[in-house]
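Spelled out from the first residue to the last, the chains are:
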Amino acid sequence: MSNARKLAANLPTDGQLGNRNLIINGAMKVAQRGTSSTTTNGFGTVDRFRIWHGAVGNVATNQYNSGSNAVDGISNYSFRAQATNTASLAAGSDAHIRYVVEDKDIQNIGLTNPNNNFTLSFYVKCSNAGQSSVGLASGNFSSATYVVPFTIASADTWQRVELTFPGNAALSNVSSGFGLRIYWDLGIGTNYQTSTHNQWITSGNPFAAAGNLQIIGVYDRWLQITGVQLEVGSEVTPFEHEPYTVTLAKCQRYYYRMDGNKTTWMYPINTNNANGYRRGSIHFPVTMRTTPTATAGIVHSGGTSGVDGGVWIGPDCVGVYVNGINGETDYAYVNALEVDAEL
Amino acid sequence: MNITKAKYHNSELPNSTNIKATIDGEEMFVPIVDNNRHYIAIQEWVADGNTIDSAD
């Protein structure tokens, strides 16, 4: 059978045929912040996937290029978390990779109906064989969690994991744009572990299985994921590819950075004395999820600079300023901008 | 998030107030918007007994 015929045989024939994957950047191709990071809590490398060391130990993360060892047919890239020290796992610690689906993007699942199903699939590779788990949580985290253990059959070997979940009424509790939370365990302490699997739990907030392989806190252990897909229904379909530019634009709803362009000159106001002003407005390539936090690199030869707030910033653009600048002799421009509207 | 400093800030324009904060060692301008994650973190930081300094 030809490859084209094999592909056709695996494609869905009903339901939503395009835009099935509710995960943004599931192939880990976009890393606007950089390809490596020692950030222990936050977004350091791959867009939309957050690392959380949870006071367990130090961690390095990468947009890892596996080259010839990448998952065949998915992506050269994966999100990799690697422990860089040895530390004990306290009961209240919680190291994990987290992805949050925005509430607006998940309404088609019908999360609150227990007769509806949705399916998460991903590829995983780990330094060690053993048990791990995925935990789901309601948007507000506290209303409902669901834990599914899975077995990493062999060390240093890609395998696909496919998990199907039912809806639950408690999932109506979204919060500040958080629609559904997905956690991959890297070292979650006993306070958040459970032996109750494959059902929604509405008290205690456990989000990892007991007996999992610990990654962070065990020097040099690592775990990689890629090809992450969340889709309506109980049928697992092939990973849905999309052009890089499409994924990048989706990511820029949550984060955007402009480096070293020196293209945004600030225009003068009140140029007739030594206490003049400069103002600038930078429009984002994509309307962001909400008004973002901003960090700007403003280069100027006098005065004081910063980012405007209030009505001078929104999901579409941001205002920047320099005050107390000599209107005739000084210059001002923006050479870097970072705006963050992540969940 | 590790918040070590927060201060109201404006650019002398009307309705331009935000919060200039140091979060995880980085200085950033946080809008006063309820579903911004940094503003949510600052609110939690205040609830823990910390104070946002007044603007100059």
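Residues numbered from 1 in each chain as written. Chains lettered and ligands numbered in written order. Predicted model: local features only at pLDDT ≥ 70, side-chain atom pairs only at ≥ 80, totals over all residues. Heavy atoms only, no water.

(A) Region of the structure containing the overall build of chain A. The helix and strand inventory of chain A stands at 2 helices and 22 strands. Judged by the C-alpha coordinates and their principal axes, chain A covers about 70 × 50 × 45 Å. Every one of the 343 residues in chain A was classed for burial, and the buried ones make up 53%. Excluding contacts between residues fewer than 6 apart, the proportion of contacts in chain A whose partners are at least 24 apart in sequence is 75%. As presented, chain A carries roughly 13,700 Å² of accessible surface, and 46% of it is formed by carbon and sulfur atoms. Of the charged side chains in chain A, 21 are positive and 23 negative; the average position of the first set lies 2 Å away from that of the second. (Helix = DSSP H or I, 4+ residues; strand = E, 2+ residues; numbered from the N terminus. Buried < 20%, exposed > 50% of the residue type's maximum accessible area, 1.4 Å probe, protein only. Contact = heavy atoms within 4.5 Å. Areas by Shrake-Rupley, 256 points an atom, 1.4 Å probe, with all protein chains shown as cover. Lys, Arg positive; Asp, Glu negative; His and termini not counted. Charge placed at Lys NZ, Arg CZ, Asp CG, Glu CD.)

(B) Examining the side chain of A:Asn168 more closely. With respect to the helices, strands and loops of the structure, A:Asn168 is situated in the loop between β10 (159–166) and β11 (178–188). If sequence neighbours within four positions are ignored, A:Asn168 has contacts with A:Leu111, A:Thr112, A:Asn113 and A:Trp200.

(C) Region of interest: the nonpolar core. Residue and element names in this part refer to chain A. Ranked by size, the top nonpolar core spans 53 residues in total, and within it Phe49, Phe122, Trp184, Ile225 and Leu230 carry the most contacts. The contacts of isoleucine 225, once residues within four sequence positions are left out, are Met28, Phe49, Ser78, Phe79, Ile97, Phe122, Tyr123, Val124, Trp158 and Trp184. In this structure, Val307, Val322, Ile325 and Ala332 belong to the second largest nonpolar core, which totals 20 residues. (Core = buried A, V, L, I, M, F, W, Y, C linked by side-chain atoms within 4.5 Å.)

(D) Here's a closer look at the domain arrangement of chain A. Residues and elements named next belong to chain A. With domains assigned, chain A is organised as domain 1 (3–251) and domain 2 (255–340). Residue-level contacts link 8 residues of domain 1 with 6 residues of domain 2. When domain 1 packs against domain 2, the two sides together hide about 600 Å² of surface, and 43% of this comes from carbon and sulfur. Joining domain 1 to domain 2, the criterion identifies 0 salt bridges. Joining domain 1 to domain 2, the criterion identifies 2 residue pairs in polar contact (both at pLDDT 80 or more). In terms of residue class, the side of domain 1 that touches domain 2 is built from 2 nonpolar, 3 polar and 3 charged. (Domains from an automatic or database assignment. Buried area = accessible area lost by both parts, 1.4 Å probe. Salt bridge = Lys/Arg side-chain N within 4 Å of Asp/Glu carboxyl O. Polar contact = N/O pair within 3.5 Å; in protein donor to acceptor, adjacent residues only side chain to side chain. Nonpolar A, V, L, I, M, F, W, Y, C, P; charged D, E, K, R; others polar.)

(E) View of the pattern of salt bridges. All names here are of chain A. Under the counting rule described, the total for this entry stands at 10 salt bridges over all chains. Linking arginine 48 and glutamate 342 is a salt bridge whose minimum nitrogen-to-oxygen distance equals 2.9 Å. Remark: glutamate 342 occurs in the segment after β22 (332–340) and arginine 48 occurs in the loop between β2 (41–42) and β3 (50–52); sequence separation between them is 294 residues. Classification of arginine 48 by relative accessible area gives buried; the value is 2%.

(F) View of the sheet that holds strand β20 (residues 304–307) of chain A. Residue and element names in this part refer to chain A. With respect to topology, 4 strands assemble into an open sheet ordered β17-β18-β21-β20, the strand pairing being antiparallel. Each edge of the sheet is formed by a strand with only one pairing partner; in this case those strands are β17 (267–269) and β20. Across this sheet, the average inter-strand angle for adjacent strands is 20°, counted without regard to direction. Bridge analysis of strand β18 (residues 276–283) against strand β21 (residues 317–325) gives 8 bridges, and the strand direction is antiparallel. Looking at β21, one finds that serine 281 is bridged to glycine 319. (Pairing = 2+ DSSP bridges. Axes fitted to C-alpha atoms, helices over the stretch in contact; angles between N-to-C directions.)

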